[in-house]
Amino acid sequence: MSCCGPLMFSPIWLAVLLLPLVDLGRWGLSSGVSGTTSEPRKAPGAPWESLQRQKRNWVWNQFFVLEEYTGTDPLYVGKLHSDVDKGDGNVKYVLTGEGASSIFTIDENTGDIHATKRLDREEQGYYTLRAQAVDRETNIPVEDESEFIVKVQDINDNEPKFPDGPYTAGVPEMSPLGTTVVQVAATDADDPTYGHSARVVYSIIHGQPYFSVEPKTGIVRTALPNMDRETRDEYVLVIQAKDMMGQLGGLSGTTSVTVTLTDVNDNPPQLYQYSVLESVPVASVVARLKAADPDIGSNAEMDYRIVDGDGPGLFNITTDEETQEGVIILQRPLDYETKSTFSLRIEATNRNIDPQFLTFGPFSDMTVIKVNVEDVNEPPVFTNPVIKMTVSEAARVGTTIGTVSAHDPDSASSAIRYSIDRNTDLERYFNVDAMSGVISTAKPLDREVNSVHNITIFAMESQDPSQVGRGIAVITVMDINDNAPVFAIEYETRMCENASPGQVIQTISAVDKDEPPSGHRFYFSLALPAGSNHNFTLRDNKDNTASVLTKRGGFRRREQALYQLPVLIVDSGSPALSSTNTLSVRVCDCDGDGVPQACGAVAYTLPAGLSTGALLAILGCIFTLLVLVLLIVTMRRRRKEPLILDDERDVRENIVRYDDEGGGEEDTEAFDMVTLRNLNIMRDPKVRRDVTPETPTFFSYPSSSASRTLLFFFFFAFV
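This text gives an overview of the structure that appears in the document.

Conventions used here
- Residues numbered from 1 in each chain as written.
- Predicted model: local features only at pLDDT ≥ 70, side-chain atom pairs only at ≥ 80, totals over all residues.
- Heavy atoms only, no water.
- Helix = DSSP H or I, 4+ residues; strand = E, 2+ residues; numbered from the N terminus.
- Buried < 20%, exposed > 50% of the residue type's maximum accessible area, 1.4 Å probe, protein only.
- Areas by Shrake-Rupley, 256 points an atom, 1.4 Å probe, with all protein chains shown as cover.
- Pairing = 2+ DSSP bridges.
- Axes fitted to C-alpha atoms, helices over the stretch in contact; angles between N-to-C directions.
- Contact = heavy atoms within 4.5 Å.
- Expected span 1.5 Å × (residues − 1).
- Disulfide = S-S within 2.5 Å.
- Phe/Tyr/Trp six-rings, centres within 6.5 Å; stacked < 30°, edge-to-face > 60°.
- Salt bridge = Lys/Arg side-chain N within 4 Å of Asp/Glu carboxyl O.
- Patch = residues over 30% accessible without salt bridge, like charges linked within 9 Å, V, L, I, M, F, W, Y side chains within 5 Å.

From N to C terminus, the protein chain includes six helices and 41 strands. Here the protein chain, with 719 residues, has 34% of them falling under the buried criterion. By element, 53% of the accessible surface of the protein chain is carried by carbon and sulfur atoms, the whole surface being about 43800 Å².

Here is the structure:
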């Protein structure tokens, strides 16, 4: 079987070209890798063709494939081919071993091998696979199994790292040039045997001109002689290690080296040395010094001045007239982190010099004093006190918006912890990572509610939480199209009954809470099924307005006084949003100038000739009659006589006649229950039930003709 890959080249192929008589056997490289041969054997008496043994080619047992392939298609690795395969589809190629099927696949028909996943040489440098050609029908091998290796070829994807960094070292002050300070070492995870990906070159990017580093060994040496510890005792170097031998395009890593100058006895004792806090306000007294003078009075008066020093304009000296001391006054603020020591050369001169004694002079003296600035704990300082950030209002919870950064200006350089002033973020829309300063979203944002958030970030020292620095993050919420357009106002559309076809009865516009960068563009149309109505139509004016027009004339509010017109409004966002808004059109009775007089449904009209005063008079009469009827009924009820029958009266005439039907056993209003319950009547068997009694009833019931007359009177009065 032959194996070929995109990066395989071998001088053995030339040998194959020069040895055309060598049998290539069954397995070989399609890209042209030659193979070994073995002599054929011949059995006695057998023909040469039938006894010739197939010889095997050289089997190229290694493929190469680049790591970190980022293409979308599977990466082509190589091709396997067997001489037994005549191209008739009877041979099938099978791949087994490390990563078979999961990482590497083989086309069972052509033998092409592809890598389906991104490979990382630092995780696994090579894969051992086995290939075999089998009969497609019987799965019986037609060739011995062949083993080969797919080697992952390195690319420069790892930067150098300093496993032992950051470094600290010490060197005596006043050391000669080239004194060794420390050696740094960086490692690179890339393949050191291939290319220059792991060949590291060292350089110093911060710390010159005081120190240098050897490019190949990483040895840090002094670059200046006689460095004075009393002037500066500590240096922080930044060393860079870059692969690809430092060439353009190489990856780099850095580490810090803190070098401390150790003391040696190189200075005589000083007469004056003063310390001052860096927080001392301007115009404060830093120190007092006095020149010794045996004279007294005016002969001992002194004038002091600063002759030289490394802080010009920072200090001033005056004379205290009472004590004749030189008073050193601070002129500008001090910063320990910028400069911690100042040397001043002070000259004291007698103010009143007698010329006759000039030979005794000089009448002045000079001394050098050292002013040490003592450190005080200062709060952290933000790299950018006001940082502007943007975030989309569609950002999910947890989306990173930006990063704030602060540092401790003190020499101790305490670690910083970040937090948000919740008084500036009451709704808790944002979070900040306490260690890294990464600001992220904590809630969904809505630009239409709040488009700009000004939040205050606290930076606190881990060692002293009372030291708090403040920075401001201005977060602007970027708009997305998440609001549908609606009517600009609530429209009250009125239309005259005599409106003509094609007449504009209303011009509408829309508003949208979103603010696209290119401005709004709205599209208007009638929503289905209103788009096919025969009463109105809508015309888009192409200027974010639309006109509603009549399609016909002859509107009658008696027939229909109100029309509901659904209007569809679509914006130009991506994706576009729409809403359906209802426009109410009222049909009105208009005067000659087209001004609506009465709109809506037609109310009930009074009969012709009947005025409002007549109607009120009729209602008053009806009310009076009702009052009279109630009074009559009330008086009759008060005149009722007790329902007691005479024993001597003929019981046959005690039959009571009613012109109304009773309401049953529970109805005690329609009948005189006393009469019905008279025991004499109930016991007399001779009472006739078919004779109407002539005895009057206790209630007077109107006759049917009288009832009709009363009803007619009420009807006439109502009409």
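Bringing the sheet that holds strand S31 (residues 452-461) into the picture now. Strands pair in a sheet through their backbones, by hydrogen bonds, and they do so in one of two ways: parallel or antiparallel. In space, the four strands of this open sheet follow the order S25-S32-S31-S28, with mixed pairing throughout. The open sheet has two edge strands with one neighbour each: strand S25 (386-392) and strand S28 (416-420). Strand-to-strand twist of the sheet, defined as the mean angle between neighbouring strand axes without regard to direction, takes the value 30°.

For the rest of this paragraph, the subject is the environment of Gly 502. Positionally, Gly 502 belongs in the loop between strand S34 (493-496) and strand S35 (504-511). Considered as a pair, Gly 502 and Phe 536 are 34 residues apart in the sequence and their alpha carbons are 8.6 Å apart. For Gly 502, the contacting residues outside a window of four places in its chain are Leu 549 and Thr 550.

On to the sheet that holds strand S20 (residues 315-320), then. On the basis of which strands lie adjacent, the open sheet formed by three strands has the order S18-S21-S20 and antiparallel pairing. Strands with a single pairing partner mark the edges of an open sheet, and in this sheet they are strand S18 (285-289) and S20. Between one strand and the next, the sheet's axes are offset by a mean angle of 25°, whatever the strand orientation. As paired strands, S20 and strand S21 (residues 325-330) are joined by six bridges and run antiparallel to one another.

This part is about helix H3 (residues 612-638). If you check H3, its first and last C-alpha atoms are 40 Å apart, about what 27 residues at 1.5 Å a residue would give, namely 39 Å. Burial in H3 covers these residues: Ile 618, Ile 622 and Leu 625.

Attention shifts here to the state of the cysteines. On inspection of all chains with the given rule, the structure shows two disulfides. Two residues, Cys 496 and Cys 590, share a disulfide whose sulfurs are 2.0 Å apart. Its S-S torsion of approximately -100° makes the covalent link between Cys 496 and Cys 590 left-handed. Separated by 94 residues along the polypeptide, Cys 496 in strand S34 and Cys 590 in strand S40 (residues 578-590) bring together distant segments of the chain. Its relative accessible area of 14% is what places Cys 496 among the buried residues. Cys 590 sits in the buried class, given a relative accessible area of 16%. Across the disulfide, Cys 588 is cross-linked to Cys 599 (sulfur-sulfur distance 1.8 Å). Classification of the bridge connecting Cys 588 and Cys 599 rests on its S-S torsion, roughly 110°, and on that basis the disulfide is right-handed. Of the two residues, Cys 588 is situated in strand S40 and Cys 599 in strand S41 (residues 596-599); the sequence distance between them amounts to 11 residues. A relative accessible area of 0% places Cys 588 in the buried class.

The full count for this structure, using the stated rule, is 11 aromatic pairs. Ring centres 5.4 Å apart and planes at 75° place the aromatic pair Phe 536 and Tyr 563 in the edge-to-face group. Placement of the pair is Phe 536 in strand S37 (residues 536-540) and Tyr 563 in strand S39 (residues 562-570), with a sequence separation of 27 residues. For Phe 536, a relative accessible area of 3% puts it in the buried group. Residue Tyr 563 is classed as buried on the basis of its relative accessible area of 8%. Relative to Tyr 563, the ring of Phe 555 lies with its centre 5.7 Å away and its plane at 85°, an arrangement referred to as edge-to-face.

This paragraph deals with the pattern of salt bridges. Applying the stated rule across the entire model yields 15 salt bridges. We note a salt bridge from Arg 351 to Glu 301, for which the minimum N-O separation is 3.5 Å. With Arg 351 in the loop between strand S22 (341-350) and strand S23 (364-374) and Glu 301 in the loop between S18 and strand S19 (302-309), the pair connects residues that are 50 residues apart, well separated along the chain. Assessed through its relative accessible area of 22%, Glu 301 is described here as partly exposed. Here Arg 447 makes a salt bridge to Glu 448, at a shortest N to O gap of 3.1 Å. A residue is classified by how much of its surface remains accessible, and Glu 448, at 22% relative accessible area, is partly exposed. Linked through salt bridges whose partners overlap, the residues forming this network are Glu 301, Asp 303, Glu 321 and Arg 351.

Turning our eyes to something else, we now look at the environment of Lys 443. When you line up the elements, Lys 443 lands in the loop between strand S30 (438-441) and S31. Among the residues examined, Lys 443 registers a relative accessible area of 33% and is labelled partly exposed. Expressed as a C-alpha distance, the spacing of Lys 443 and Ala 395, which sit 48 residues apart in the sequence, is 9.3 Å. In this view, Lys 443 contacts Val 397, Glu 427, Arg 428 and Tyr 429; residues no more than four positions away in its chain are not counted.

Before going further, it helps to examine a nonpolar patch on the surface. On the surface, a cluster of nonpolar side chains totalling about 390 Å² of accessible area is made up of Phe 623, Val 627, Leu 628 and Leu 631. On the basis of relative accessible area, Phe 623 is assigned to the exposed category, the value being 59%.

A few words now on the pairing of S40. For S34 and S40, the ladder comprises four bridges, and the chain directions are parallel. Bridged to Met 495 within S40 is Val 587. Where S39 and S40 come together, nine bridges link them in antiparallel fashion. Note on S40: the bridge partner recorded for Leu 562 is Arg 586. Where S40 folds back onto S41 in an antiparallel hairpin, the turn is made up of five residues, including Gly 594, whose phi is positive at roughly 80°.

In short, geometric facts, not functional conclusions.
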